[in-house]
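In case you want the letters, here they are:
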Amino acid sequence: MQTHVRGVEMTYEDTGGSGTPLLLIHGYPLDHTLWEPQWKALAPRARVIAPDLRGFGATPLPQGPATLEIYADDLLGLLDALGIARAVVGGLSMGGYIAFAFYRRYASRVQGLVLADTRPQADSEGGKKGRDASIALARQEGATAIADGMLPKMLTPRTLATRPEVTRAAHAMMARQSVEGIVAALVAMRNRPNSMGTLAAITVPTLVVVGDQDNLTTPEDAEAMRAGIRGARLAAIPDAAHLSNFEQPEAFNAALAEFLKSV
Ligand code: MLT
């Protein structure tokens, strides 16, 4: 589906119906199909809305600055366009960074939060240098080089060795993204603010999810978020790395379905 949001023709999945609206924000360098295992399993109990962020999937990247706040504003525009007053807002990794930005700006529109394989800290100086290196790599060698570098961090060694269809799908999702969209997201992530101070301000039901083998945004990061957000629950997904929802959808969906009963 497509709708016009803040000057951008945004592509998104919307399972419709009268279930709890659940807005799912993909990570980097991914697109809305990351959430296919969730919309297939959770609809119609939830109305799952999964957009392609600007510059990813089929949503174009307009000229202009790249910040996490701009992605968050687009998401507000999408909820407005769909007539949704409040939603459970979930994000994986960069999607979680955007969920924090969304909460800071539009808390009254948030019915609950799902923070999956993400972290509240800003990039360290070393992390910022890594972003610059990734920007150079994307510009010089394209999205496939980015996908090749990311793949071993996204899935567990076991999945990489034994589940070729999951491995191929994850790699293809990354390799088909545009260089411009990748660069914009890297800039936005490099310049993102620290969200540690946001944790104590969160007053909605929150589920933190993490793959037990996630080395990018670790179980320790997840535990810090659980401890910092009043009443938050933590679900550790066994045999999963960074793309826990994609690698182990059954366990992820079970945690999400249980959480949705409480919001
Ligand atoms: C993501 O999965 O969205 C990114 O790996 C997050 C990051 O690079 O910080």
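Described in the following lines is the structure provided in the data block. (Residues numbered from 1 in each chain as written. Predicted model: local features only at pLDDT ≥ 70, side-chain atom pairs only at ≥ 80, totals over all residues. Heavy atoms only, no water.)

**Quick look at the site of the ligand**
Note the threshold: Residues are labelled near a given molecule or strand when at least one of their non-hydrogen atoms is within 4 Å of it. For the purposes of these results, a polar contact is taken to be a pair of N or O atoms within 3.5 Å, where, inside protein, one atom must be able to donate a hydrogen and its partner to accept one; residues adjacent in sequence count only when each atom of the pair is a side-chain atom. Residues are grouped as follows: nonpolar covers Ala, Val, Leu, Ile, Met, Phe, Trp, Tyr, Cys and Pro; charged covers Asp, Glu, Lys and Arg; every other residue, Gly included, is treated as polar.
Residues in contact with the ligand, as listed here, are Gly27, Tyr28, Ser93, Met94, Tyr97, Arg119, Arg131, Met150, Met189, Leu216 and His242. At a separation of 2.8 Å, an oxygen atom of the ligand approaches a polar side-chain atom of serine 93. Taking methionine 94, its main chain carries an N or O atom lying 2.8 Å from an oxygen atom of the ligand. When its residues are assigned to classes, the shell around the ligand shows 6 nonpolar, 3 polar and 2 charged.

**Some points on the sheet that holds strand 6 (residues 110–116)**
To keep things clear, this is the line we draw: Any two strands with at least two DSSP-identified bridges between them are counted as paired. Helical segments are the DSSP runs of H or I of at least four residues, strand segments are the runs of E of at least two, and each set is numbered from the N terminus. Interaxial angle, 0 to 180 degrees, is taken between N-to-C directions of lines fitted to C-alpha atoms, where a helix line uses only the stretch in contact. Residues count as neighbours in contact if any of their non-hydrogen atoms are within 4.5 Å of one another.
Taken in spatial order, the 8 strands line up as 1-2-4-3-5-6-7-8 in an open sheet, and their pairing is mixed. Taken across any chain shown, the strands that pair with only one partner, and hence form the sheet edges, are strand 1 (2–5) and strand 8 (233–237). Within the sheet, the average angular offset between the axes of one strand and its neighbour, ignoring direction, is 25°. The strands touched by helix 3 (residues 94–106) are strand 3 (20–25), strand 5 (87–92) and strand 6; relative to strand 6, the strand with the most contacts, the crossing angle is about 155°. Relative to the sheet, helix 10 (residues 219–228) contacts strand 6, strand 7 (206–211) and strand 8, its axis offset from that of strand 7 by approximately 170°.

**Describing unusual backbone geometry**
Working note: non-glycine residues mostly have negative phi, and peptide bonds are mostly trans. Where we set the bar: The cut-offs for exposure are 20% and 50% of the maximum accessible area for each residue type, with area from a 1.4 Å probe on protein chains only; residues under the lower value are buried, those over the upper are exposed, and the others partly exposed.
Cis rather than trans, the peptide bond between tyrosine 28 and proline 29 has omega equal to -10°. With respect to the helices and strands, the residue proline 29 is situated in the loop between strand 3 and helix 1 (36–42). The residue after alanine 43, namely proline 44, is reached through a cis peptide bond having omega 5°. By the element assignment, proline 44 lies in the loop between helix 1 and strand 4 (46–51). For arginine 6, which is not glycine, the phi torsion reads 45° and is therefore positive. Residue arginine 6 is classed as partly exposed on the basis of its relative accessible area, which comes to 43%.

**What about the pairing of strand 7?**
Heads up, the condition is: Handedness of a crossover is defined as follows: orient the strands so they point away from the viewer, and if the path from the first strand over the helix to the second runs clockwise, the crossover is right-handed.
Counting buried positions along strand 7 yields 6 of 6 residues, so the element is predominantly enclosed. The two faces of strand 7 match: Thr206, Val208 and Val210 on one face and Leu207, Val209 and Gly211 on the other face are all buried. Bridge count for strand 6 against strand 7 is 4 bridges, and the pairing is parallel. Paired with alanine 116 across the bridge in strand 7 is valine 209. Taken together, the 5 bridges between strand 7 and strand 8 define a ladder with parallel strand orientation. Considered in strand 8, the bridge of glycine 211 is made with isoleucine 237. Handedness of the crossover joining strand 7 and strand 8 through helix 10 is recorded here as right-handed.

**Brief notes about the packing of aromatic side chains**
For clarity, the cut-off: Under the pairing criterion, centres of Phe, Tyr and Trp rings, with the six-membered ring standing for Trp, must be within 6.5 Å; the plane angle then separates stacked pairs below 30 degrees from edge-to-face pairs above 60, leaving the rest tilted. Ring-over charges, as used throughout, are those where CZ of Arg or NZ of Lys falls within 6 Å of the ring centre and within 35 degrees of the ring normal.
Applying the stated rule across the entire model yields 2 aromatic pairs. With 6.3 Å between their ring centres and 50° between their planes, tryptophan 35 and phenylalanine 252 make a pair best called tilted. Here phenylalanine 252 lies in helix 12 (residues 249–260) and tryptophan 35 lies in the loop between strand 3 and helix 1, a separation of 217 residues in the sequence. The residues tryptophan 35 and phenylalanine 252 share a single accessibility class, namely buried. A centroid spacing of 5.3 Å and a plane angle of 65° characterise the contact between phenylalanine 102 and tyrosine 106, whose relative ring orientation is edge-to-face. Separated by 4 residues within a single helix, phenylalanine 102 and tyrosine 106 lie in helix 3, roughly one turn from each other. The exposure class of phenylalanine 102 is buried, given its relative accessible area of 0%. Relative accessible area serves as the criterion here: at 18%, tyrosine 106 is assigned to the buried category. In this structure, arginine 192 packs its charged tip against the face of tyrosine 97, placed 3.9 Å from the ring centre.

**Quick word on helix 8 (residues 179–190)**
Rules: The length a helix should cover is 1.5 Å for every residue beyond the first.
For helix 8, which comprises 12 residues, the first-to-last C-alpha distance of 16 Å matches the rise-based estimate of 16 Å (1.5 Å per residue) to within 8%. Gly181, Ile182, Val183, Ala184, Ala185, Leu186, Ala188 and Met189 are the residues of helix 8 that are buried. On its buried face, helix 8 sits against helix 2 (68–81), helix 3, helix 4 (125–141) and helix 5 (143–154).

That is the geometry; function is a separate question.
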